[in-house]
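Listed below, chain by chain, are the residues.
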Amino acid sequence: MSSIHIEESKLNTKAVTSLLLGILSIVCLIFAPLGLPLGIAGLLLGISGWKEIKRLNEDGRKLAVSGIVCSLIGTTLPLLIAVIGYLAYTNTSL
């Protein structure tokens, strides 16, 4: 009898975690102190997972890229809203 060996491809957990944190950082956009660290953590995990996927030939490259994009959105939007809010608050002379 011949044995059949099926190679399982492993999904990178850092990529999945990055996507989850990136989505949570966008959802928590209203609470800037909460969304900003989630976005930064998701960004770091996404970059780390992307490098790990290349090195170990794992699955999840699209998840890592999606996590990086969502984390960038979740990181830059609170900063942009804070700057716009500050400028609107300080420029009240009519």
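Residues numbered from 1 in each chain as written. Predicted model: local features only at pLDDT ≥ 70, side-chain atom pairs only at ≥ 80, totals over all residues. Heavy atoms only, no water.

### Points about the packing of helix H1 (residues 13-27) against helix H3 (residues 61-90)
Argument step 1. At their nearest, the axes of H1 and H3 sit 7 Å apart, and the two run at 25 degrees to each other. Our classification of the angle between H1 and H3 gives roughly parallel. Crossing angle aside, the handedness with which H1 passes H3 is left-handed. Touching Ala15, Val16, Ser18, Leu19, Gly22, Ile23, Ser25 and Ile26 of H1 are Leu63, Ala64, Ser66, Gly67, Ile68, Cys70, Ser71, Ile73 and Gly74, all from H3. (Axes fitted to C-alpha atoms, helices over the stretch in contact; angles between N-to-C directions. Helix = DSSP H or I, 4+ residues; strand = E, 2+ residues; numbered from the N terminus. Parallel < 35°, antiparallel > 145°, perpendicular 65-115°, else oblique. Left-handed = near helix turned anticlockwise from the far one by under 90°. Contact = heavy atoms within 4.5 Å.)

### Some details on the packing of aromatic side chains
Argument step 1. For the structure on display, the rule yields zero aromatic pairs.
Argument step 2. Above the plane of the ring of Trp50 lies Lys54, whose end atom (NZ or CZ) is 4.7 Å from the centre. (Phe/Tyr/Trp six-rings, centres within 6.5 Å; stacked < 30°, edge-to-face > 60°. Lys NZ or Arg CZ within 6 Å of the ring centre and 35° of its normal.)

### Side note on the environment of Ala41
Argument step 1. Take Ala41: it is sitting in helix H2 (residues 32-56).
Argument step 2. Separated by 31 residues in the primary sequence, Ala41 and Leu72 place their C-alpha atoms 10 Å from one another.

### A look at H3
Argument step 1. Here H3 spans 44 Å end to end across 30 residues, near enough to the 44 Å set by a 1.5 Å rise per residue.
Argument step 2. Those residues of H3 lying buried are Ala64, Gly67, Ile68, Cys70, Ser71, Gly74, Thr75 and Pro78. (Expected span 1.5 Å × (residues − 1). Buried < 20%, exposed > 50% of the residue type's maximum accessible area, 1.4 Å probe, protein only.)

### Observations regarding a nonpolar patch on the surface
Argument step 1. A cluster of nonpolar side chains, Ile26, Val65, Val69, Ile73, Leu77, Leu80, Ile81 and Ile84, forms an exposed patch at the surface whose accessible area comes to about 620 Å².
Argument step 2. At seven residues, H3 tops the list of elements feeding residues into the nonpolar patch.
Argument step 3. Mapped onto the fold, Val65 is located in helix H3.
Argument step 4. Accessibility expressed as a relative area gives 35% for Val65, which makes it partly exposed. (Patch = residues over 30% accessible without salt bridge, like charges linked within 9 Å, V, L, I, M, F, W, Y side chains within 5 Å. Areas by Shrake-Rupley, 256 points an atom, 1.4 Å probe, with all protein chains shown as cover. Salt bridge = Lys/Arg side-chain N within 4 Å of Asp/Glu carboxyl O.)

### Thoughts on the side chain of Ser25
Argument step 1. With respect to the secondary-structure elements, Ser25 resides in helix H1.
Argument step 2. According to the relative accessible area criterion, Ser25 is buried, its value standing at 0%.
Argument step 3. In contact with Ser25, not counting residues within four places along its chain, are Gly35, Leu38, Gly39, Cys70, Ser71 and Gly74.

### Observations regarding the state of the cysteines
Argument step 1. The tally for this structure, following the rule as stated, stands at zero disulfides.
Argument step 2. Free cysteine Cys28: the closest other cysteine sulfur is in Cys70, separated by 13 Å. (Disulfide = S-S within 2.5 Å.)

### Regarding unusual backbone geometry
Argument step 1. One non-glycine residue, Asn57, lies in positive phi territory at about 55 degrees.
Argument step 2. Among the secondary structure elements, Asn57 is positioned in the loop between H2 and H3.
Argument step 3. Judged by its relative accessible area of 70%, Asn57 falls in the exposed class.

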